[in-house]
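# Coordinate inspection notes
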Amino acid sequence: MSVPVPVLVMRGGTSKGAYFRAEDLPADPAERDRLLLAIMGSPDPRQIDGIGGGHPLTSKVAVISRSDADGADVDYLFLQVHVDKPMVSAEQPCGNILAGVGPFAIERGLVAARENQTEVRVRMVNTGALAVITVPTPDGRVAYAGQTALSGVPGTAARIEVEFRDTAGSVASGLLPTGRVRDDLAGIPATCIDNGMPVVLMNADDLGVSGYETPARLEANAGLCRRVEELRLIAGKLMGLGDVSATTVPKMCLVAPPSHGGTLCTRMFIPHRVHASIGVLAAVSAGTAAALPGSVAFVPEHPATIRLEHPTGFYDVVIDVDVAGDEITVGRSAIVSTARLLLEGQVYPREVTHG
């Protein structure tokens, strides 16, 4: 029998993954990745011989350890285990799985629980950025039950806030990389912003659509897709990103007034497909634009929690923007999420034979 590996299986946001302490996995990245492929059951479309769920959203891994970095309690490395090919990717972080890192750190004793709520400071190894996760801990234990709903997750759970620190200019040169709140992209008013993800926001009706279409309908509009890509190439240069024809940023976001009680309706091109919902860091950038006077997405008298409508529901972000003359300060950038512990135990990886 193979050597068992301690694991927690958790839902984080709208994803599900296997959470490990770094000390329980091989230190060598290549050896670690081979083990994770065996644990998750890849490559196989069903991952039938592993604990993966046969879908990218359920074939994710978090590797967590105590941190030596200033201002951080734990380090979090996100790994995407591909379902149908023998590949493990560390190219980008996952904001959904991040929501489970706080509860994991407390459950595994990496961070001591406080009364009422506990802040877990997380260094995201994939990018080096810092996030602070606020976990409800009444009586010194993680609480998973609560009244917060997430689109795509049945029922409700305890509210977890994930605050991102120093995300302005994560890829571009600053929060407003063009130096302006509003730009003209070949006749289309736009706001180019980077508060965790470079995003270009435009009013849907300026492009001849309502902004309430399904992703499939938008993708079937060949003229719209060509126009959006033309504008993306222009925006990429204006934002100092150069020729973005072969990159995935900036994302392009069509906005419209809310139709289901939210703050703003969004349709996100990522960049050549339309997202079924909205990515975590893209939501932070879009929410910041909604709170920024003068932007094409600005919502006067917006609530403290900005609800972004998307094709399959909504996403909540908490944004604090202060404008004093030409000075723009983002005081707080956070998402509202939930997480739940599903399983604690040991996983027996498939033994791989050669020859």
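Residues numbered from 1 in each chain as written. Predicted model: local features only at pLDDT ≥ 70, side-chain atom pairs only at ≥ 80, totals over all residues. Heavy atoms only, no water.

Going by the annotation in an unreviewed UniProt entry, the name recorded for the protein chain is 4-oxalomesaconate tautomerase, with Actinoplanes oblitus given as the source organism. Reading the Sequence similarities (unreviewed entry) entry of the UniProt record for the protein chain gives the comment "Belongs to the PrpF family." (UniProt positions renumbered as here; feature names shortened; annotations may be inferred.)

With that settled, consider the overall build of the protein chain. Within the protein chain, the regular secondary structure consists of six helices and 19 strands. For 355 residues, the compact-globule estimate of 2.2 N^0.38 gives 20 Å, and the C-alpha radius of gyration of the protein chain, at 21 Å, lies within 12% of that figure. Dimensions of the protein chain along its principal axes, counting C-alpha atoms only, are 65 × 50 × 35 Å. Out of the 355 residues belonging to the protein chain, those deemed buried represent 50%. Sequence-distant contacts, at least 24 apart, represent 60% of the contacts inside the protein chain between residues at least 6 apart. Surface summary for the protein chain: the accessible area is close to 15800 Å², and the carbon and sulfur share equals 49%. The positive charge centre, built from 30 side chains, and the negative charge centre, built from 39, are 5 Å apart in the protein chain. (Helix = DSSP H or I, 4+ residues; strand = E, 2+ residues; numbered from the N terminus. Rg over C-alpha atoms; globule rule 2.2 N^0.38 Å. Buried < 20%, exposed > 50% of the residue type's maximum accessible area, 1.4 Å probe, protein only. Contact = heavy atoms within 4.5 Å. Areas by Shrake-Rupley, 256 points an atom, 1.4 Å probe, with all protein chains shown as cover. Lys, Arg positive; Asp, Glu negative; His and termini not counted. Charge placed at Lys NZ, Arg CZ, Asp CG, Glu CD.)

Time to look at the nonpolar core. By size, the foremost hydrophobic cluster in this structure holds 61 residues, and its most contacted members are Tyr76, Leu98 and Leu201. If you tally residues by element for this core, the top one is helix α6 (residues 280–290), at seven residues. Sequence-distant contacts of Leu201, that is, excluding residues within four places in its chain, are made with Pro189, Ala190, Thr191, Ile193, Cys253, Val255, Ala286, Ala289, Val296 and Ala297. Listed in part, the 19 residues of the second largest apolar core include Ile188, Met202, Leu218 and Val274. (Core = buried A, V, L, I, M, F, W, Y, C linked by side-chain atoms within 4.5 Å.)

Between the first and last C-alpha of helix α1 (residues 29–40) there are 16 Å, a value that for 12 residues agrees with the 16 Å anticipated at 1.5 Å per step. Looking only at α1, the buried set comprises Arg32, Asp33, Leu35, Leu36, Leu37, Ala38, Ile39 and Met40. On its buried face, α1 sits against β1 (5–12), β2 (15–21), β3 (60–66), β4 (74–81), β5 (88–89) and β19 (339–347). Once α1 ends, the next one or two residues include Gly41, with phi positive near 90°. (Expected span 1.5 Å × (residues − 1).)

As for its position among the elements, Val209 is in the loop between β13 (198–203) and α4 (215–220). For the pair Val209 and Ala256, spaced 47 residues apart in sequence, the C-alpha to C-alpha distance is 9.7 Å. Ignoring any residue separated from it by four or fewer positions in sequence, one finds Val209 in contact with Ala204, Leu218, Asn221, Leu224 and Leu254.

Quick look at the side chain of Thr167 now. Within the secondary structure layout, Thr167 lies in the loop between β10 (160–165) and β11 (183–185). Excluding anything up to four places from it in sequence, Thr167 contacts Asp194, Asn195, Gly196 and Ser333.

Further remarks concern the side chain of Thr118. Secondary-structure assignment places Thr118 in strand β6 (residues 116–124). If sequence neighbours within four positions are ignored, Thr118 has contacts with Ile106, Val111, Ala112, Ala113, Ile133, Thr134, Val135 and Thr137.

On to the pattern of salt bridges. Pairing between side chains becomes possible if they bear opposite charge and their charged atoms approach one another. What the rule picks out here adds up to 14 salt bridges. For Asp24, the salt bridge identified is with Arg21, shortest N-O distance 2.8 Å. Look at Asp24 and you get partly exposed, because its relative accessible area is 22%. A salt bridge links Arg232 to Glu229; its shortest N-O distance comes to 2.8 Å. With a gap of three residues between them, Arg232 and Glu229 both fall in helix α5 (residues 222–238), about one helical turn apart. A relative accessible area of 0% places Arg232 in the buried class. Several salt bridges share partner residues, and in doing so they unite Arg159, Glu161, Glu163, Arg165 and Arg332 into one network. (Salt bridge = Lys/Arg side-chain N within 4 Å of Asp/Glu carboxyl O.)

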